[in-house]
Amino acid sequence: MDFPPYLASMPMHAITEIHGEPGLRARFGLEVEAFDASARRRLTEALDLAADLHRDDRRVREPYLNHLLRVSIRLMHHYQVRDVDVIVAGLLHDAVEDHPAELAGDHRVCTDPAGGAGATAVGAGGDAGVPADPLVAAEAQARAAAIEVLAGRFGARVARLVAAVTNPLYDPDRDRDSQYREHVATSLDDEPWARVIKVSDFTDNGVGVIHAVGPRVAGWAAKYRPLVPILRELVARPDTPLSAPVKQHIFDQLDLAEERFSAILDQPVRPR
């Protein structure tokens, strides 16, 4: 497929609308040209794994892989990230959450004497100790095994970053959105590079919410809106490893996300 010579300057959602997944893959390829051969191999391997794991997943009107491509392209192009571990983790940031058993395959986690998942499960979003619900316990173990597989294939740091941005196993007796916000604030507190991945993910979800359709749009806006001040504070921290111009770009994007959430959720009542 032929793409225009200005593909590298097109907004990512424009590429998505006009050229779809092939266009985003081509744009990803343009970005990774800046890396050496070893880095390109790791990035290609991560993309291939993400494509395989999410091969049947859809995101409203598009393949789910499009989201992962946009997150990683944003890291490289807009955030000027050259840390390959971070970009690999961006490509795989939903792998443990969405496909832990498939990622883990026949891998088995080590368990403690009580039979519960070990410390790795905590890093993958599980609670310390043995979950009371057998289904939750099985999910925690699958996540722990998936994290170990990522560590084996891409290194412990990639696995740790993916674990930090993996949503928790939710307590059914508490509000999910509140748990989600609490998890974001706590899991990113000591992981500066995970903040960078998360804000790219949030930008695609939040700023990109107007590209979605259907009744879930308002639900997504309500879920993501309270994250704006949390992410703004995390990005502003001195240890968040981004330049001042990149941070300002992110702040502008957070402002845009807030404008779009407001347009969705704060519509004035029309007089009859």
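Throughout what follows, the structure given in this document is the object of discussion. The structure displayed is predicted, hence computed values, not measured ones. (Residues numbered from 1 in each chain as written. Predicted model: local features only at pLDDT ≥ 70, side-chain atom pairs only at ≥ 80, totals over all residues. Heavy atoms only, no water.)

**Re the side chain of Thr16**
No. 1: Within the fold, Thr16 resides in helix α1 (residues 12-32).
No. 2: Once residues within four sequence positions are removed from consideration, Thr16 is found in contact with Leu24, Glu62, Asn66 and Arg70. (Helix = DSSP H or I, 4+ residues; strand = E, 2+ residues; numbered from the N terminus. Contact = heavy atoms within 4.5 Å.)

**Considerations on the packing of aromatic side chains**
No. 1: Taken as a whole and judged by the stated rule, the model has three aromatic pairs.
No. 2: Between Tyr180 and Tyr224, the aromatic rings sit 6.5 Å apart at their centres with planes inclined by 70°, giving edge-to-face as the arrangement. Pair noted here: Tyr180 is in helix α10 (residues 176-187) and Tyr224 is in helix α12 (residues 216-224), with a separation of 44 residues, a long-range link.
No. 3: Ring geometry for Phe202 and Tyr224: centres 5.9 Å apart, planes at 90°, overall edge-to-face. Here Tyr224 lies in helix α12 and Phe202 lies in helix α11 (residues 192-206), a separation of 22 residues in the sequence. As far as burial versus exposure is concerned, Phe202 and Tyr224 are alike and both buried.
No. 4: Seen from the ring of Tyr180, Lys223 lies directly overhead, with NZ or CZ sitting 4.5 Å from the centre. (Phe/Tyr/Trp six-rings, centres within 6.5 Å; stacked < 30°, edge-to-face > 60°. Buried < 20%, exposed > 50% of the residue type's maximum accessible area, 1.4 Å probe, protein only. Lys NZ or Arg CZ within 6 Å of the ring centre and 35° of its normal.)

**Overview of the side chain of His93**
No. 1: With respect to the helices, strands and loops of the structure, His93 is situated in the loop between α4 (84-91) and α5 (95-98).
No. 2: His93 sits in the buried class, given a relative accessible area of 1%.
No. 3: Only 3.1 Å separates the side chain of His93 from the side chain of Asp94, close enough to count as a polar contact.
No. 4: Dropping the residues within four chain positions of it, His93 is found in contact with His67, Leu68, Val71, Val162, Val165, Thr166, Ile197 and Asp201. (Polar contact = N/O pair within 3.5 Å; in protein donor to acceptor, adjacent residues only side chain to side chain.)

**Comments concerning the nonpolar core**
No. 1: Ranked by internal contacts, the top residues of the largest apolar core, which has 76 residues, are Phe28, Tyr79, Leu92, Leu103, Leu150 and Phe202.
No. 2: Broken down by element, the residue count for this core peaks at eight residues, all from helix α2 (residues 37-53).
No. 3: Not counting residues up to four positions away in its chain, the partners in contact with Phe28 are Leu43, Leu47, Leu69, Ser72, Ile73, Met76 and Leu91. (Core = buried A, V, L, I, M, F, W, Y, C linked by side-chain atoms within 4.5 Å.)

**Observations regarding the layout of surface pockets**
No. 1: Volume-wise, the largest pocket comes out at about 980 Å³.
No. 2: Along the wall of the largest pocket there are 40 residues; nearest its centre are Arg59, Tyr64, Asn205, Trp220 and Tyr224.
No. 3: If you list the elements that add at least two residues to the lining of the largest pocket, you get α1, β1 (58-59), α3 (64-77), α5, α8 (134-154), α10, α11 and α12.
No. 4: In terms of residue class, the lining of the largest pocket is made up of eleven nonpolar, ten polar and 19 charged.
No. 5: Considered as a void within the structure, the second largest pocket measures approximately 310 Å³ in volume.
No. 6: Taken together, 19 residues line the second largest pocket, and the ones lying closest to its centre are Pro11, Met12, His13, His78 and Gln253.
No. 7: Elements that contribute at least two residues to the lining of the second largest pocket include exactly α1, α3, α11 and α14 (244-265).
No. 8: No other element matches the four residues that α14 contributes to the lining of the second largest pocket.
No. 9: Class assignment of the residues belonging to the lining of the second largest pocket gives a composition of six nonpolar, nine polar and four charged. (1 Å grid on protein atoms, 1.4 Å probe; cavity = no way out; pocket = protein on both sides within 12 Å on 5 of 7 lines; lining within 4 Å. Points joined across faces, edges and corners; volume = space filled by probe spheres on them. Nonpolar A, V, L, I, M, F, W, Y, C, P; charged D, E, K, R; others polar.)

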